[in-house]
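Notes for the structure review
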Amino acid sequence: MNYFWNLLKNVDKFLAILPVFFAAFSIIMIASTANQGQFVFSSSVKTQITAYCIGFAAMIVVLFIDYHFYLSIEKILYAASILFLLSVHIPSLGHSEYGGARWINLGFTTFQPSELVKISMVLLSAMYISRNRDSLKEFKGVALSFLYAVPFIVIVLLEDLGSAVVMGFAWVVMVFFAGINYKLFAELSAATAFLIPVVYRFLSGTQKDRIDAFLNPDNLLLPGNWQVWQSKIAIGSGGLFGKGLFAGTQKKLEFLPVQKSDFIFSVIAEELGLLGGALLILLYTVFLYRILKIAINAKDLYGALVSMGFIGMFLFQIFENIAMTMGIMPVTGVTLPFISYGGSSILSCMVAVGLVLNIGIRNKIINFS
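Calculation rules
- Residues numbered from 1 in each chain as written.
- Predicted model: local features only at pLDDT ≥ 70, side-chain atom pairs only at ≥ 80, totals over all residues.
- Heavy atoms only, no water.
- Axes fitted to C-alpha atoms, helices over the stretch in contact; angles between N-to-C directions.
- Helix = DSSP H or I, 4+ residues; strand = E, 2+ residues; numbered from the N terminus.
- Parallel < 35°, antiparallel > 145°, perpendicular 65-115°, else oblique.
- Left-handed = near helix turned anticlockwise from the far one by under 90°.
- Contact = heavy atoms within 4.5 Å.
- Nonpolar A, V, L, I, M, F, W, Y, C, P; charged D, E, K, R; others polar.
- Salt bridge = Lys/Arg side-chain N within 4 Å of Asp/Glu carboxyl O.
- Buried < 20%, exposed > 50% of the residue type's maximum accessible area, 1.4 Å probe, protein only.
- 1 Å grid on protein atoms, 1.4 Å probe; cavity = no way out; pocket = protein on both sides within 12 Å on 5 of 7 lines; lining within 4 Å.
- Points joined across faces, edges and corners; volume = space filled by probe spheres on them.
- Phe/Tyr/Trp six-rings, centres within 6.5 Å; stacked < 30°, edge-to-face > 60°.
- Lys NZ or Arg CZ within 6 Å of the ring centre and 35° of its normal.
- Core = buried A, V, L, I, M, F, W, Y, C linked by side-chain atoms within 4.5 Å.

1. Examining the packing of helix H6 (residues 139-157) against helix H7 (residues 161-178)
Packed helices, taken two at a time, are described by the angle between their axes plus the distance between the axes. At a minimum axis separation of 8 Å, H6 and H7 run at an interaxial angle of 165°. If you check the angle between H6 and H7, you find them roughly antiparallel. In this structure, H6 crosses over H7, and the sense of that crossing is right-handed. Contacts between H6 and H7 pair Val-142, Ser-145, Phe-146, Ala-149, Phe-152, Ile-153, Val-156 and Leu-157 from the former with Leu-161, Ser-163, Ala-164, Met-167, Gly-168, Trp-171 and Val-175 from the latter. Across the contact of H6 with H7, the residue classes tally to twelve nonpolar, three polar and no charged.

2. Quick word on the pattern of salt bridges
In the structure shown here, the tally under the stated rule is five salt bridges. Put simply, Arg-290 and Asp-12 hold a salt bridge, and the shortest N to O gap is 3.3 Å. With Arg-290 in helix H12 (residues 264-296) and Asp-12 in the loop between helix H1 (2-9) and helix H2 (13-32), this residue pair connects regions lying 278 residues apart in the sequence. In this structure Asp-12 comes out as buried when scored by relative accessible area, which is 13%. Taking the shortest distance from any N to any O, the salt bridge between Asp-66 and Arg-362 comes out at 3.3 Å. You can see Asp-66 sitting in the loop between helix H3 (43-64) and helix H4 (74-86) and its partner Arg-362 sitting in the segment after helix H14 (343-361), a full 296 residues away along the chain. Using a relative accessible area of 16% as the deciding quantity, one classes Arg-362 as buried.

3. Re the layout of surface pockets
The computed volume of the largest pocket comes to approximately 1,500 Å³. The wall of the largest pocket is formed by 39 residues, among which Phe-146, Val-165, Thr-192, Ile-196 and Val-199 lie closest to the centre. With eleven residues, helix H8 (residues 182-201) is the largest single contributor of residues to the lining of the largest pocket. For the lining of the largest pocket, a count of residues per class yields 33 nonpolar, five polar and one charged.

4. Focus: the packing of aromatic side chains
Taken as a whole and judged by the stated rule, the model has 17 aromatic pairs. Linked through ring pairs, Phe-22, Tyr-284, Phe-287, Phe-314 and Phe-338 together constitute an aromatic cluster. Between Lys-260 and the ring centre of Tyr-341, over which it is positioned, the NZ or CZ distance is 4.7 Å.

5. Some points on the environment of Ser-125
Following the sequence through the fold, Ser-125 ends up in helix H5 (residues 113-131). Note on Ser-125: relative accessible area 2%, which makes it buried. Taking the C-alpha atoms as reference, Ser-125 lies 22 Å from Ile-346; in sequence the two are 221 residues apart. Leaving out residues up to four positions away in the same chain, Ser-125 has contacts with Tyr-148, Ala-149, Trp-171 and Met-174.

6. Things to note about the nonpolar core
In terms of nonpolar packing, the biggest core is built from 102 residues, with Phe-287, Phe-310, Phe-314, Phe-338 and Ile-339 touching the most fellow members. Broken down by element, the residue count for this core peaks at 13 residues, all from helix H13 (residues 301-325). Those residues within four positions of Phe-314 in sequence are excluded, and the remaining contacts are Phe-287, Leu-288, Ile-291, Pro-337, Phe-338, Cys-349 and Ala-352.

7. Re unusual backbone geometry
If you check the backbone angles, Phe-246 has positive phi at about 70° while not being a glycine. Here Phe-246 is to be found in the loop between helix H10 (225-237) and helix H11 (249-252). The backbone of Phe-338 sits at a positive phi, close to 75°, despite the residue not being glycine. Here Phe-338 shows up in the loop between H13 and H14. What makes Phe-338 buried here is its relative accessible area of 1%.

As structure tokens, then:
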């Protein structure tokens, strides 16, 4: 008991408490999408509360398991992650929605494996990069590091472009932090840009449609453009102070698509205005800053890379989700961390926070007597 108490005393309390604010904010905004003009315990609200209860429990469990433990199960974690991703293709278990087989059907609910595999991918990539840091000065070392992460990215890319890009961005942040040769990084970035048309050819029809719609935003006949147009109207109509909580009209008239998850920021901006949206972004900024402090003070490169990987994961998801509601980025189905409706996303976010807090605890000298 004394061991656990000593651990808790050294937790980054500010980082630990931020998810509580996110949870409250998320539940209120999801309640607003019920369109009843007041807070109601809709089925979505109950599901989100349940997801957060499970998420906080998972965060606490992860908090007490030394993050170095995962080094001892690297091969098992690698294989299990790939098998977990492939499970969506098992007949009667896999569940297709929004143009892709991304979920597994658990009977009482569905679960998106890629959300948890984002976590394992960051852990595994951090393990590999920390062992091979010196090789990042050469093309071969960077290529091998990327190939280590490729199985996750490619499998996810086949069904979920957004999650694949999140994983790729997390990897970029980690190798950049580990000290990749900047000239080499610029050359690889240029090469990647040239490969985009090649990758495009292998995307699914739905993924291509979303990219085509983004490149032709004025064509409302293309799939997704009408929804993005309505989202921009909602955000713009909110003005500085918003129309008031539970009083959004674009939302109430159901012009906004996927209000609870993909486009929840549009609901926030319409009802709480620019100030409400800015406040949420400020909280995200503080959240990422606290993780960055833990990364900088980490006692080993592995811990620092895990923290930086999660910064990359959260940063891209925040930017992509908000930007796609404004038409600045393609619609990819990436959720707004901690806020969007969805148990898989909430669990992934809370486990990530637990791991970062775990690293932060072990940055400090703890008396276990």
